[in-house]
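What follows is the residue order along each chain.
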Amino acid sequence: MAREDSISKEDKSNDQEGFAESESSMSLLQETVRGYEVSYLALDCIKTGESLVINECDAVAELEDILGQGTIRTTEEVKSVGQQLLLLQDQLKQVKDEKKKIIDNYTSERTMRKKYYNMVEDMKGKIRVFCRIRPLSRTEDAQGGVIAVEKIDDFSVSVDTPRGPREFQFDKVFTAEASQEDLFQDTNRLIQSAIDGYNVCIFAYGQTGSGKTFTMVGDKDQKNPGIMPRSFNAIFDIIRESSTKFDFKVSAYMLELYNDRLQDLFVSPAGEAHGQPPSHGQVRRVEIKRNRKGVVFAQGAETKEAFSAQELYALFLQACANRHISATKMNVESSRSHLIVCIMVDSRNLTNGSVSTGKLSLVDLAGSERAAKTGAKDHQLKEANSINKSLSALGDVISALSAELPHVPYRNSKLTQVMQDSLGGNAKTLMIVNISPSECNLEETLTSLVYATRVKAITNNAQRHVESKVIAQLKEVIIRLRSGQTVEDEDV
Ligand code: ADP
Ligand code: MG
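Residues numbered from 1 in each chain as written. Chains lettered and ligands numbered in written order. Predicted model: local features only at pLDDT ≥ 70, side-chain atom pairs only at ≥ 80, totals over all residues. Heavy atoms only, no water.

**Structural notes on the side chain of Asn349**
Counting through the fold element by element, Asn349 comes out in strand S12 (residues 338-349). Residue contacts for Asn349: discarding those within four places in its chain leaves Lys245, Phe246 and Ser354. (Helix = DSSP H or I, 4+ residues; strand = E, 2+ residues; numbered from the N terminus. Contact = heavy atoms within 4.5 Å.)

Printed below as a string of structure tokens:
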């Protein structure tokens, strides 16, 4: 009995000691677990990429779930769990790094694929389309400044629509940060093509206030000149560089398409209204014709020769002074007509006498906005209707071409007649679709992007216009004979 007592006392004291020991190791364990809880929460945050809000008990329970119930008994085991955690964190970091590498590779691969796809399309003669997102305007900023347009990569843009994001692909996407120079760098090679004898057309499309005139002409004080003045400089820069091999002649006509009427901008409207002769002879009607090679020209429009970029720019300023300008709510200086600047570059190869004739058409289209939004009234409404009529005719031509329909309704408006060789014809064409980044212009932005996507599907068949020395000489002779000049033997 005494022995039994002593055993049970011993057992009791052993039990108590064991209990105290396990109590202390339990509290040590709980403290350590709390310590690890922080690492665990951090780890979970890394894993999920979210900030988790979890209370203390949940954290302990979750840790036990992961490690297994009752697995943590001694300080050593806690240490080893800690090391495992560190190891896991390390592995997770490696996995994350690898994932980032894979995503980076995928993105650059995707971008390259788009780039090569565009190059192939370009070789096939597809019209190139650039998308330019202008900066948020002050008015848009005041309306909350919600941005709905985002550039994804150099070739894609995404628009937030009520039905989710919608992606569009173009040959290049420019954001508000892109300078005029950045845009022109990608345009420059087309200027070279025009000098090489190609028919080239660059035009800007978009709602009023989206940045078409900024892109094509530049800002008012020409601190940021656009494609037109830059092209004037580029033409004469290239000419200067090639002057030992070629003889060049640069001439231009500039037109305005206003209320579906073609206006020669080298003739002042006031002079015409009073029946005064423009420079010589009587007032001429401008008519759009095409030569045998399908190249459009404006019959009756005055063509002026320029010997330097400055002279060409002076001609341009003279033309702009003759434009119809009217203020609307959307853009105080919005021009309500289409501006067409055509520069012809004739070059004669000094070595073999061949002659090439290139044409560069630069078009700043009027805006495609709806009358209600712009506050246009009476005659402005007539203008808006006629602008919309010509733009919808342009839309019909684009739809017919992109769907490869047998009949393309070019004849439905003067605008589509002027642009006939640039759309589905023999020109190298670049369209710049200008858009606003703001949510308040979402509808117009989507319309413009859908339109531009259709244009991107159109194939042109660009060919150089080069004539051999003999043909060029014969033509010269015919022109001289027609104008009553004498022809010497050596001319033929
Ligand atoms: P549109 O010709 O399409 O009606 P504008 O070219 O006149 O539009 O542009 C409207 C306003 O926005 C102008 O004040 C213009 O200077 C400004 N703007 C347009 N695009 C840009 C840009 N990329 N960077 C800075 N300002 C711009
Ligand atoms: Mg404009």
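**Side note on the site of ligand 1**
Ligand 1 sits among 12 residues. The nearest are Gly209, Gly211, Lys212, Thr213 and Phe214. One nitrogen or oxygen atom from the main chain of Ser210 is found 3.2 Å from an oxygen atom belonging to ligand 1. Take Phe214: an N or O atom from its main chain is 2.7 Å from an oxygen atom of ligand 1. The fraction of the free accessible surface of ligand 1 (560 Å²) that becomes covered by protein chains is 70%. Taken together, the residues that form the shell around ligand 1 break down as two nonpolar, seven polar and three charged. (Near = heavy atom within 4 Å. Polar contact = N/O pair within 3.5 Å; in protein donor to acceptor, adjacent residues only side chain to side chain. Areas by Shrake-Rupley, 256 points an atom, 1.4 Å probe, with all protein chains shown as cover. Nonpolar A, V, L, I, M, F, W, Y, C, P; charged D, E, K, R; others polar.)

**Digging into the packing of aromatic side chains**
According to the stated counting rule, one finds five aromatic pairs in the structure shown. Here the aromatic rings of Phe246 and Phe248 are separated by 5.8 Å at their centres, their planes lie at 40 degrees, and the arrangement is tilted. Put simply, the rings of Phe232, Tyr313 and Phe316 touch in pairs and so form one group of aromatic residues. It is Lys304 that lies over the ring of Phe266; its NZ or CZ is 5.1 Å from the centre. (Phe/Tyr/Trp six-rings, centres within 6.5 Å; stacked < 30°, edge-to-face > 60°. Lys NZ or Arg CZ within 6 Å of the ring centre and 35° of its normal.)

**Details of the sheet that holds strand S3 (residues 156-161)**
Overall, antiparallel pairing links the three strands, which are arranged S2-S3-S4 in an open sheet. The two strands at the open ends of the sheet, each matched to only one other strand, are strand S2 (149-153) and strand S4 (164-169). Averaged over all adjacent pairs, the angle separating strand axes in this sheet is 30 degrees, with direction ignored. When S3 meets S4, the two strands line up antiparallel, connected through six bridges. Its bridge partner being in S4, Ser158 is matched across the sheet by Glu167. (Pairing = 2+ DSSP bridges. Axes fitted to C-alpha atoms, helices over the stretch in contact; angles between N-to-C directions.)

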